[in-house]
Amino acid sequence: MFEILGGANRVLMEAELEPVQGNRFQPTGFADLGAATYQTPDGTRMLLVESAQSMANRFECTILGADSELCRDFDGLPYIRARLRSGETETTTNSLMEAHRINSPYIISDEGFKAKFKELAGYERYLPLNWQKIARAVFHFDVNSLLHGVFLANLEDGRIKMSRVLSSFVEARGVQEAVSGGTKVNPIDPTGRLRAKDYDKDVYGNVPYQRVEYTAQSIKSFFNIDIGLLKSYDLGPDAFELLVSLALYKIQAFLDGGTRLRTACDLKLKGKLAVTSPDGFKVPDKETLAKHLQNKIRACKPLFADPPVTEIITPVVLKKQDEKTK
């Protein structure tokens, strides 16, 4: 299916988006910065609508069910499930939903998993890293961590940092601010003096606020699959096709139903997904990719953990708070 990619280093794609209603939209915001506006060399005003890190999170959600576990359509893909247990709480998380994937402290703190990973990765402190072995180890435990990148900062000396194979961002061109505002109204006491006896947080009274949205000449989402990086891992043709298929499926699934980025940033696809490189490559539809993925999951079974879902039990405690923190 992907023979044309044999001589390629990247698959580059883009898709134009537009608001489903009106012209205004709300971009992503950053702490102590707000919206990320900038200019091109010719003076065009630009806006980062969605960052690479946020897009990775959105791609991960495309194969999750309502229970935050893997959708049944992708049964057989490996990942790690951690059961968090203590005398005060018992819950479950996994490497598909954790912010740092397999580097989550709930996962990497398990000595059994850590030892097995280091063995498969050929990892030893003070010795050079073998990136092909490391890629096989990550692929063995969690394909998505290889696709979306992982920084194993919590493993020994933190030398393992793998770039994203699939990266993406959304930006707007020719932007202008659309400033508005509102007020949170307290219909009983606008001054905020009347308070609940046991709840003295400063959330009472009338609170006016400012709101900044944007309009744009155009909004585009960009997608990049690093074929050269995948080839360097030398995982074999079945694993290569699985990873490419999974990346393309996530892109199609995002464009198909995941473009409501925020309450005030509800977008839709305008036109079609376009491939800008390599020439002649066509992206299969989502249904074709799903069937191909199922075939490749079966073909890659010998490379996966057995069973594919690695179960670990992580003892947890609730950290005590001092009075100032409370």
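It should be noted that the structure appears before, not after, this text.
The residue numbering used here restarts from 1 in each chain and proceeds along that chain's sequence as written. Reporting of local features is limited, given that this is a predicted model, to residues whose pLDDT is at least 70; pairs of side-chain atoms are given and counted only at 80 or more, and all residues count toward the totals for whole chains, interfaces and linings. Note that the side-chain values use all heavy atoms of the structure and ignore hydrogens as well as water.

(A) Broad picture of the overall build of the chain. For helices the rule is a DSSP run of H or I covering at least 4 residues; for strands it is a run of E covering at least 2, with both sets numbered from the N terminus onward. A tally of regular secondary structure across the chain gives 8 helices and 14 strands. Once the C-alpha set of the chain is aligned to its principal axes, its extents read approximately 65 × 55 × 40 Å. The contact definition used throughout considers only heavy atoms, calling two residues in contact when any of these lie within 4.5 Å. A fraction of 74% describes how many contacts in the chain between residues 6 or more apart in sequence connect residues 24 or more apart. Accessible surface, the chain: about 17,900 Å² in total, of which carbon and sulfur atoms supply 49%. Averaging the locations of the 43 positively and 42 negatively charged side chains of the chain gives two centres separated by 2 Å. Note on areas: Shrake-Rupley, 1.4 Å probe, and residue coverage restricted to the protein chains presented here. In this tally Asp and Glu are treated as negative and Lys and Arg as positive; neither His nor the chain ends contributes. For the purpose of locating charges, the reference atoms are NZ of Lys, CZ of Arg, CG of Asp and CD of Glu.

(B) Representation of the sheet that holds strand S3 (residues 45-50) in the model. Note on pairing: DSSP must find at least two bridges between two strands before they are called paired. The strand order across the open sheet built from 7 strands is S2-S3-S8-S11-S1-S13-S12, with neighbouring strands paired in antiparallel fashion. In the strand order of this sheet, the two ends are held by strand S2 (36-39) and strand S12 (260-262), each with one partner. Neighbour to neighbour, the strand axes of the sheet diverge by 35 degrees on average, direction disregarded. Pairing of strand S1 (residues 10-19) with strand S11 (residues 218-226) involves 8 bridges; the strand directions are antiparallel. From the neighbouring strand, Glu16 faces S11, where its bridge partner is Lys220. Simply put, an axis is a line fit to the C-alpha atoms, just over the touching stretch for a helix, and the angle between two N-to-C directions goes from 0 to 180 degrees.

(C) Here's a closer look at the sheet that holds strand S5 (residues 90-94). Pairing is mixed across the open sheet formed by 3 strands, whose spatial order is S5-S4-S14. Two strands close off the open sheet at either side, each with one partner strand: S5 and strand S14 (309-315). Between one strand and the next, the sheet's axes are offset by a mean angle of 20 degrees, whatever the strand orientation. Relative to S5, strand S4 (residues 79-85) runs antiparallel, the two being bridged by 5 bridges. Its bridge partner lying in S5, Arg83 is registered against Thr92.

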